[in-house]
Amino acid sequence: SGDSAAESSNRAIFGETADGIGIYVGMNCTALIEEKDAAKFLYRYNNTPLDTIIDTDIKKMVEDEFNKAVNPYDSTVLHAHKAEILDHVKSTVTSYFKEYGVTITVLGVKEGFSFENPAIQEALDKKFESEQDLVIQQNKNEAELAKAEAEAKAKIIAAQAEAEANKILTESITPELLEKIMSERWDGKLPNTYIGNG
């Protein structure tokens, strides 16, 4: 497409999600040819420099496997599957090129996922913030509910204790005890003042 080799090798890896959203990820790759694998490498690549193989064959396979790995997921859940996506890409690509004498020592993410359309990333960020706000509110609601339940239980326990105390008191009051209390408190005189109807 008219890109120089340097521009082509520095472009991010592209994939498309199940809901048709383009996504990029920057990746690093380091590889070497072990002495025991030199014959396999030379047979397959015929003296092609390793950096050229990284920029062409390995990069193309990484992008293909990345696209296959992100394609089953909608953009809204993609970040939750990031580790398994990247593990799939690394294991598939590493084992494939090992068969041709290339030992990939590093194949990892240089930058996080970024969406082709910046508005999508902004919307996902807002969704994430809203979800976090919802979790915080739910935690507050649960704490307030637990506090209200504890207060209600405390009131019930206090009411039950008061009722039990009243029951014990009621059962302990006998006619004799009432008569004794009355005799201790009443001096036997009638009231001096009487307020009536006239």
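Everything quoted here is computed from the prediction, not taken from an experiment.

## Looking at the confidence of the model for the protein chain
Point 1. Summarising the model, the protein chain shows a mean pLDDT of 82, and 86% of its residues fall at 70 or more.
Point 2. In the predicted structure, residues 1-9 sits below a pLDDT of 50 and forms 6 contacts with residues beyond four places in sequence or in another chain.

## Points about helix α3 (residues 50-70)
Point 1. With 21 residues, α3 should reach 30 Å at 1.5 Å per residue; the first-to-last C-alpha distance of 28 Å fits that figure.
Point 2. Helix geometry: α3 is bent most strongly at Ile-58, by close to 35 degrees.
Point 3. Those residues of α3 not exposed but buried are Leu-50, Ile-53, Ile-54, Ile-58, Lys-59, Met-61, Val-62, Glu-65, Phe-66, Ala-69 and Val-70.

## Let's talk about the sheet that holds strand β1 (residues 13-16)
Point 1. Spatially, the 3 strands line up as an open sheet ordered β1-β2-β5, and their pairing is antiparallel. Only two strands of the sheet have a single neighbouring strand rather than two, namely β1 and β5 (114-115).
Point 2. Direction of pairing for strand β2 (residues 22-25) relative to β5: antiparallel, over a ladder of 2 bridges. For Tyr-24, the partnering residue across the bridge sits in β5 and is Ser-114.
Point 3. Taken strand by strand, α3 contacts β1 and β2, and its axis lies near 25 degrees from that of β1.

## Some thoughts on a nonpolar patch on the surface
Point 1. Together, Leu-169, Ile-173, Leu-177, Leu-178 and Ile-181 give the surface a local cluster of nonpolar side chains, amounting to about 400 Å² of exposed area.
Point 2. Top element by residues in the nonpolar patch is helix α6 (residues 175-185). It accounts for 3 residues.
Point 3. Along the chain, Ile-173 falls in the loop between α5 (118-172) and α6.
Point 4. Exposure remark for Ile-173: the relative accessible area of 39% places this residue in the partly exposed category.

## Some remarks on the nonpolar core
Point 1. Counting 29 residues, the largest nonpolar core has Ile-58, Phe-66, Val-93 and Val-102 as its most contacted members.
Point 2. Looking at this core element by element, the count peaks at 9 residues for α3.
Point 3. Setting aside residues no more than four positions away along its own chain, Val-102 makes contact with Ala-31, Leu-32, Ile-33, Phe-41, Tyr-45, Leu-50, Ile-58 and Phe-97.

Calculation criteria
Residues numbered from 1 in each chain as written. Predicted model: local features only at pLDDT ≥ 70, side-chain atom pairs only at ≥ 80, totals over all residues. Heavy atoms only, no water. pLDDT = per-residue confidence, 0-100. Contact = heavy atoms within 4.5 Å. Helix = DSSP H or I, 4+ residues; strand = E, 2+ residues; numbered from the N terminus. Expected span 1.5 Å × (residues − 1). Bend = angle between axes of the 7 residues up to and from the residue. Buried < 20%, exposed > 50% of the residue type's maximum accessible area, 1.4 Å probe, protein only. Pairing = 2+ DSSP bridges. Axes fitted to C-alpha atoms, helices over the stretch in contact; angles between N-to-C directions. Patch = residues over 30% accessible without salt bridge, like charges linked within 9 Å, V, L, I, M, F, W, Y side chains within 5 Å. Areas by Shrake-Rupley, 256 points an atom, 1.4 Å probe, with all protein chains shown as cover. Salt bridge = Lys/Arg side-chain N within 4 Å of Asp/Glu carboxyl O. Core = buried A, V, L, I, M, F, W, Y, C linked by side-chain atoms within 4.5 Å.

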